[in-house]
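Spelled out, the chains give:
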Amino acid sequence: MGDLERLKDIPSVDSLAAELGATAAGRRTPRRLLVRAARSAVESVRDEILSDGRAGSASSKDVRARARALALGEMRALSRRRLSPVLNATGVIVHTNLGRAPLSERAIQRVSEVSAGYSTLEYDLAEGDRGHRGEVVTDYLRELTGAEDALVVNNNAAAVLLALNTLALGREVVVSRSELIEIGGSFRLPEVFERSGARMVAVGTTNRTRPGDYENAIRNSTAAIMAAHWSNYSISGFVQRVELRDLSDICERAGLPLIHDLGSGLLADAASVGLEGEASIADSLAGGADVVTASGDKMLGGPQAGIALGRVETVGRMRANPLMRAMRPGKLTLAALEATLEAYLEDAERDEVPVIRALVESRGRLVERATELAGHLRDRCGGLCSVEVVETTARVGGGAAPERDVASAGLSVSSERMSTDALARRLRDVRPPVIARATEEGVVLDLRTIAPEDDAAALDALVAALATEEE
Ligand SMILES: *Cc1c(COP(=O)(O)O)cnc(C)c1O
């Protein structure tokens, strides 16, 4: 039989798209994209038939099945690329690739209320006239940290850029070589300096910087000293750093502002959340920083945002910088941040703010949850799996406190029918996808980063992944 004969067996784009639309993933996918997936499958099958003698021996049924399989694969690939919720079973509390901080119920509620209609974003109800964007958040941040003034931008990278551009355009900023950080996703401090218009003057060495290194670098063209938090790395061994307090003294003597890029944005008292020795925003201000910059979605536990806090004069100049207009946060950000900060003002962060909740949960409670889940899983997957409750080590996460281990617990799950890698892959293919770590013994699900409300969903996901037919 000739190839041209086989071409007639290729299903039409419309019928293939309709088939896709009848599947679970298809119901969640816009029709235009289903048509695109169907068209691409049809074209591929046509090319295969025309270019490959093998197709000549295929039956009509084979051709249809091939077109269908290609179209389904295309649709699933589309579906996997969407921004969708996942369960974070990695044990990394602030996980940048998984969206950093989950929002509190209160923040979600506020975002939903404020976004559904008009709002007081820049409106003063008392005056019936124009108001100031983010005014309440400024007030809350001052109350919580003791800062004289605060402003919010879209992320911490913007806050750093704005601080440098405002305080040191065309002038020099002295910074230790040990703090020329790179944060994942291409935030490299030297490059940010370049774009800010400030000149970076690196002093000291990779592992040791002394007070005199800063002092000797100060000249007429120096505009500020900057300190940056080692938020995703550590240096150990023969190390010397200059404490913030001492940097602040040097700045004071020289009449220069001290910029502290804190990153983590810890608002809670460090010891009360088990992070003894970590600097909070209030610690940094008390240590003498004139402006502290931090992320809203790391240890603060709010939306993606950058926060700059400090002296009225310094923060005021940043607010007046024309770049501010290009960095200002939207109403969704401000609504979520305002609600998150309210939880702190009510001392309710341990119960309400997900990253703080995850951080302070006891290992004992995690073991209880894991034991219960393990029991249910054995009941539901019978002979298909083996489950163990295991002790694990969770992490605070990059950009916050990289070296902090947190004693944690979870499940180790394996199946005789597939490798742990295959099981981990299947867990990423169920709904919601579960992101877990494959080890030699089993796939480990750390419960510290799964909210207790999501235990049932995690259990369903495990059952579904273990039951999936071999591909
Ligand atoms: C995370 C971090 C940044 C970047 O903050 P984004 O909010 O991701 O823009 C900058 N500096 C430090 C020290 C950080 O930890």
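Preceding this section is the structure that the text describes.
Report follows, based on the coordinates. Throughout this document, residue positions are counted from 1 along each chain, in the order its sequence is written. The predicted origin of the model limits local features to residues at a pLDDT of at least 70 and limits the giving and counting of side-chain atom pairs to 80 or more, whereas totals for whole chains, interfaces and linings rest on all residues. Each side-chain value is worked out from all heavy atoms of the structure, with water and hydrogens disregarded.

Secondary structure counts use DSSP, requiring at least four H or I residues in a row for a helix and at least two E residues in a row for a strand, with both numbered from the N terminus. Counting its secondary structure elements, the protein contains 20 helices and 17 strands. Expressed as lengths along the three principal axes of its C-alpha atoms, the size of the protein is roughly 90 × 55 × 50 Å. Relative accessible area decides the class of each residue, using a 1.4 Å probe on protein chains only: under 20% of the type maximum gives buried, over 50% gives exposed, and in between gives partly exposed. Sorting the 471 residues of the protein into buried and exposed places 49% on the buried side. Pairs of residues are marked as contacts when any of their non-hydrogen atoms sit within 4.5 Å. For the protein, restricting intrachain contacts to residue pairs at least 6 apart in sequence, the fraction spanning at least 24 positions comes to 75%. Carbon and sulfur atoms make up 48% of the accessible area of the protein, which amounts to about 22,800 Å² in all. Between the averaged position of the 58 positive side-chain charges in the protein and that of its 69 negative side-chain charges there is a distance of 7 Å. For accessible areas, the Shrake-Rupley method is used with a probe of radius 1.4 Å. Any residue's cover is judged against the shown protein chains and nothing else. His residues and chain termini do not enter the charge count, which takes Lys and Arg as positive and Asp and Glu as negative. Lysine's charge is taken at NZ, arginine's at CZ, aspartate's at CG and glutamate's at CD.

Where like charges cluster on the molecular surface, the negative patch consists of Glu243, Asp246, Asp249 and Glu252. Tracing the backbone shows Asp246 in helix 11 (residues 244-254). Overall, Asp246 belongs to the partly exposed group, its relative accessible area being 35%. Within this analysis, patches are made of residues with over 30% relative accessible area and no salt bridge. Like charges are joined at 9 Å or less; nonpolar side chains (Val, Leu, Ile, Met, Phe, Trp, Tyr) at 5 Å or less. We define a salt bridge as a contact between a side-chain nitrogen of Lys or Arg and a carboxyl oxygen of Asp or Glu at a distance within 4 Å.

Across the five residues that make up strand 4 (residues 149-153), a large majority, five, are buried. Burial of strand 4 is two-sided: the residues Asp149, Leu151 and Val153 facing one way and the residues Ala150 and Val152 facing the other way are all buried. Pairing between strands is defined by DSSP: at least two bridges between them are needed. Two strands pair when backbone bridges link them, and strand 4 and strand 12 (residues 306-310) are joined in this way by five bridges, in the antiparallel orientation. Paired with Leu151 across the two strands is Ala308, which belongs to strand 12.

Lining the immediate environment of the ligand, one finds 14 residues, of which Ala157, Ser231, Asp261, Ser295 and Lys298 sit closest. For the purposes of these results, a polar contact is taken to be a pair of N or O atoms within 3.5 Å, where, inside protein, one atom must be able to donate a hydrogen and its partner to accept one; residues adjacent in sequence count only when each atom of the pair is a side-chain atom. At 2.9 Å, a backbone N or O of Ala157 approaches an oxygen atom of the ligand. Lys298 is positioned with one of its side-chain polar atoms (N or O) 2.7 Å from an oxygen atom of the ligand. When the free accessible area of the ligand is taken as 390 Å², the share hidden by the protein chains comes to 94%. One heavy atom suffices: a residue is near a molecule or strand as soon as one of its heavy atoms comes within 4 Å of it.

Here the focus is the side chain of Thr145. Structurally, Thr145 is set in helix 7 (residues 135-145). Looking at Thr145, its side chain comes within polar contact range of the main-chain nitrogen of Ala147, at 3.1 Å.

Let us now look at the sheet that holds strand 11 (residues 291-295). Reading across from one edge, 4-12-11-10-9-5-8 is the order of the seven strands in this open sheet, with mixed pairing throughout. Since the sheet does not close on itself, it has two edges, and those belong to strand 4 and strand 8 (199-203), each with one partner. Put simply, the sheet's adjacent strands are angled 25° from each other on average, direction ignored. Examined bridge by bridge, strand 9 (residues 222-228) and strand 10 (residues 258-263) share four bridges and lie parallel to one another. Paired with Ile225 across the strands is Leu258, a residue of strand 10. For helices, the axis comes from a line fit to the C-alpha atoms of the stretch in contact; other axes are also lines fit to C-alpha atoms, and the angle between any two N-to-C directions lies between 0 and 180 degrees.

Before going further, it helps to examine the side chain of Arg106. Among the structural elements, Arg106 can be located in helix 6 (residues 105-116). Judged by relative accessible area, Arg106 falls into the buried class, the value being 18%. Here the side chain of Arg106 touches Glu346 through a polar contact of 2.8 Å, side chain to side chain. In contact with Arg106, not counting residues within four places along its chain, are Ala339, Glu342, Ala343, Glu346 and Glu352.

One pass over the full model with this rule turns up 31 salt bridges. Between Glu122 and Arg130 there is a salt bridge, with its nearest N and O atoms 3.2 Å apart. Assessed through its relative accessible area of 24%, Glu122 is described here as partly exposed. A salt bridge links Glu182 to Arg188; the shortest N-O distance between them is 2.4 Å. Connected through salt bridges with shared partners, the residues Arg106, Arg110, Glu338, Glu342, Glu346 and Glu352 form a single ionic network.

Another point: a positive patch on the surface. A cluster of basic residues, Arg27, Arg28, Arg82 and Arg431, forms a positive patch at the surface. Given a relative accessible area of 61%, Arg27 falls into the exposed group.

A word on the packing of aromatic side chains. When two rings of Phe, Tyr or Trp (its six-membered ring) have centres within 6.5 Å they constitute a pair, described as stacked for plane angles under 30 degrees, edge-to-face for angles over 60, and tilted for the intermediate range. Here the structure, examined in full by the defined rule, presents one aromatic pair. A ring pair is formed by Trp230 and Tyr233, whose centres lie 5.7 Å apart and whose planes are at 35°; its orientation type is tilted. Under the relative-accessibility criterion, Trp230 is labelled buried at 10%. The class of Tyr233 is partly exposed, set by a relative accessible area of 21%. Two limits define a charge over a ring: the Lys NZ or Arg CZ must be within 6 Å of the ring centre, and within 35 degrees of the ring normal. One Lys or Arg, Arg208, reaches over the ring of Phe238 and ends 3.8 Å from the middle of that ring.

This brings us to helix 7. Inspection of helix 7 places Val137, Thr138, Tyr140, Leu141 and Thr145 among the buried residues, and these make up the whole buried set. Buried positions in helix 7, seen along its axis, are confined to an arc of 165° and lie on one side of it. Against the buried residues of helix 7 lie strand 4, helix 12 (281-286), strand 12, helix 13 (312-320) and helix 15 (331-345). Directly beyond the C-terminal end of helix 7, a positive phi value near 80° is found at Gly146. Working note: the arc is built from the helix axis to C-beta atom directions.

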